[in-house]
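Understanding the architecture of this molecule
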Amino acid sequence: MPSDFKEFDLVEVRFKGGRKDFYRNKSRIPLITGDAVVVESAGSGWHLGHVSLKGELVRLQMKKKKVPQDSKDIRTILRVAAEQDVERWQAVRDLETGTMFKARAVVDELRLKMKLSDVEYQADRTRATFFYSADDRVDFRDLIKRLADEFRVRVEMRQISLRHEAGRLGGIGSCGRELCCSTWLTDFKSVSTTAARYQNLSLNPAKLSGQCGRLKCCLNYELDTYLDALKDIPQVQRPLQTEKGDYTLQKTDIFKRKMWFAVRGDNNWVVVPTERVREVLELNKRGEKPESLLAPALEEEKAPEVTAIVEGSLERLDDKIKASKRSKRGKKKREKGPEDAAVATAPTPRVGRNVPSRPAVQSEPDPETAAPEAAPSAEERSRPRGAAARPLNRRGRGRGEGKRAADGTRPADATPEAPRAPREGRAPRAATPGETPEAGTGRTEGGEGRRGGRSGRRGGRSGRPGGSAEAGSTPSAS
């Protein structure tokens, strides 16, 4: 701060009961907030108080309370309180409680309609101030004489309101905190029941009254907020008319913008938004009555169930997999070409099996060259017949096997099959006269002749239990 800066010379000092006053620091004593100072009293003598505010904040406080800075009622600060001053002030404060009880006894004797709430002694014990509250005007001249003779001090009577009385006494409010009037509230504004009506509070004196017996000061704290919110709430002076009956307003939630209505004699309340209330009011002004107080319900689109969503997604997934498989198959066929596809579809000869391959073209059997085959063994009888008898694996046969001409003969470039090894325990079958075996095989040419021999063999087996064999069957060589 600059050296030529001059601090504001007025200081705010606090006394007992939250009472505050302004004093002038003429001698420029360096003070700190909370220091005990000795000040001039209103009449004569001195009093002790504590600094509560200093500097430029005091100037703002004086403007708020409308106290002129050049007022002659402003007294001066004498000095900083010494230890002896503080001890004397403490001794005087100890006398205040006993003095108050004795003064109340005197009031009861004189039957005065007043209530003594507090007593404050001056620090030099030359004067005592009695604070009282009363509804009507009180004549306390006899009381002053009695009190002056009893306590040997100058007596001053000061009437205060019930709110100031509660602030001086202090206490705990219904909110669980210390009273506002005894902590920070200095200006007491008038509170009316209109503030409670705007806030939709029940007009119960027991709930709306504070410890002072008057309406709570906190009713004014949120009043401005409620007044701003009420601007959008419709004013319902008469019951709302509908075809079902007349609905009377029961309750209003200002911040949620909802209103409760009910028909006379019906305890079931109907919750209606403020927008619908405006619509019904406009209809009633035109002379129209809606069917119901509630707005017609709009059909909302039902959200699909979880199972439907899951099943639909699974079906789409299956279709996607099937489509991918089809595309892969199409790609493979296009890569192979038509010739490879035809070769792939033709049956491939199996290797390592004794079953002969079926010729591509079959011719009629030659009765002269056809010869009966040998009777099947027990192992061949147990094999399945028909389509089930066709082997699934026909690898290992000759490269030219299965390729026969239209007349049943094998082409010249066909590779001859290797002769089959005889089974264990059996001698090779001798060729029958008139039978023309193939190279390396014991079977006749032509597919039809071989088929006829098989059918004859079946006939022989079917007639074996009876002891007779049909034509075309050959008895097994034993």
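We now turn to the structure provided with this report. (Residues numbered from 1 in each chain as written. Predicted model: local features only at pLDDT ≥ 70, side-chain atom pairs only at ≥ 80, totals over all residues. Heavy atoms only, no water.)

1. Section: the sheet that holds strand E8 (residues 154-159)
The three strands are arranged E6-E7-E8 in an open sheet whose pairing can be described as mixed. Each end of this open sheet is capped by a strand with a single partner; those strands are strand E6 (115-121) and E8. Direction aside, neighbouring strands of the sheet carry axes that sit 25° apart on average. Inspection of the sheet shows strand E7 (residues 127-133) paired to E8 by six bridges, in the parallel sense. (Pairing = 2+ DSSP bridges. Helix = DSSP H or I, 4+ residues; strand = E, 2+ residues; numbered from the N terminus. Axes fitted to C-alpha atoms, helices over the stretch in contact; angles between N-to-C directions.)

2. Some points on the nonpolar core
In terms of nonpolar packing, the biggest core is built from 22 residues, with Met114, Leu116, Phe130, Tyr132, Leu143, Leu147 and Met157 touching the most fellow members. Counting residues per element, the ones that place at least two in this core are helix H3 (96-110), E6, E7, helix H4 (141-151) and E8. Among the elements that take part in this core, H3 stands out by supplying four residues, more than any other. Sequence-distant contacts of Met114, that is, excluding residues within four places in its chain, are made with Val107, Tyr132, Ser133, Ala134, Val138, Leu143 and Met157. (Core = buried A, V, L, I, M, F, W, Y, C linked by side-chain atoms within 4.5 Å. Buried < 20%, exposed > 50% of the residue type's maximum accessible area, 1.4 Å probe, protein only. Contact = heavy atoms within 4.5 Å.)

3. Quick notes on the side chain of Thr252
Residue placement: Thr252 occurs in strand E10 (residues 245-253). By relative accessible area, Thr252 is classed as buried at 15%. The residues contacting Thr252, other than those within four sequence positions of it, are Asn200, Ile233, Lys258, Met259 and Trp260.

4. Quick notes on the layout of surface pockets
Considered as a void within the structure, the second largest pocket measures approximately 850 Å³ in volume. Forming the walls of the second largest pocket are 36 residues, and the residues nearest its centre are Gly17, Gly18, Arg19, Lys20 and Arg168. Split into classes, the residues belonging to the lining of the second largest pocket amount to ten nonpolar, twelve polar and 14 charged. (1 Å grid on protein atoms, 1.4 Å probe; cavity = no way out; pocket = protein on both sides within 12 Å on 5 of 7 lines; lining within 4 Å. Points joined across faces, edges and corners; volume = space filled by probe spheres on them. Nonpolar A, V, L, I, M, F, W, Y, C, P; charged D, E, K, R; others polar.)

5. Here's the deal with the packing of H3 against H4
Look at H3 against H4: their axes get within 10 Å of each other, and the N-to-C directions meet at 145°. The two elements H3 and H4 cross, and the hand of that crossing is right-handed. Contacts between H3 and H4 involve Thr99, Lys102, Ala103, Val106, Val107, Glu109 and Leu110 on the former and, on the latter, Asp142, Leu143, Arg146, Leu147, Glu150 and Phe151. Residues belonging to the contact of H3 with H4 are distributed by class as follows: seven nonpolar, one polar and five charged. (Left-handed = near helix turned anticlockwise from the far one by under 90°.)

6. Digging into unusual backbone geometry
The residue Arg125 is not glycine, and still its phi comes out positive at about 60°. Residue Arg257 is not a glycine yet carries a positive backbone phi of 60°.

7. Things to note about the pattern of salt bridges
A side chain of one charge can pair with a side chain of the opposite charge when the charged atoms of the two come close. Applying the stated criterion to the full structure yields 17 salt bridges. Among the ionic pairs, Lys16 bridges to Glu96, the shortest N-O distance being 2.3 Å. With Lys16 in the loop between strand E1 (10-14) and strand E2 (20-24) and Glu96 in helix H3, this pair connects stretches of sequence that are 80 residues apart. Of the residues examined, Glu96 reaches a relative accessible area of 6% and is grouped as buried. The salt bridge partner of Arg59 is Glu56, with a shortest N-O separation of 2.8 Å. Taken as a pair, Arg59 and Glu56 lie in helix H1 (residues 56-65) at a separation of three residues, close to a single helical turn. Exposure remark for Arg59: the relative accessible area of 24% places this residue in the partly exposed category. Put simply, Lys16, Arg19, Glu96, Asp118, Glu120 and Arg168 are held in one network by salt bridges that share partners. (Salt bridge = Lys/Arg side-chain N within 4 Å of Asp/Glu carboxyl O.)

8. Structural notes on empty space enclosed by the protein
Tallied over the full model, the rule gives two cavities of 30 Å³ or more. As for the largest cavity, its lining consists of Phe15, Lys16, His47, Leu48, Trp89, Arg93, Glu96, Glu120 and Tyr121. Counting residues per element, the ones that place at least two in the lining of the largest cavity are strand E4 (46-53), helix H2 (83-93) and E6. Considered class by class, the residues forming the lining of the largest cavity number four nonpolar, one polar and four charged.

9. With respect to the sheet that holds E2
Sheet architecture is closed into a barrel: five strands sit in the order E1-E2-E5-E3-E4, paired in mixed fashion. Neighbour to neighbour, the strand axes of the sheet diverge by 55° on average, direction disregarded. Of the strand pairs in this sheet, E1 and E2 are connected by five bridges, and their pairing is antiparallel. In the sheet register, Val13 faces E2, and the bridge partner there is Asp21. Contacting E1, E2 and E4, H1 runs over the sheet at an angle of about 75° to E1. Relative to E4, H2 is tilted by about 105°, and along the sheet it contacts strand E3 (36-40), E4 and strand E5 (75-80).

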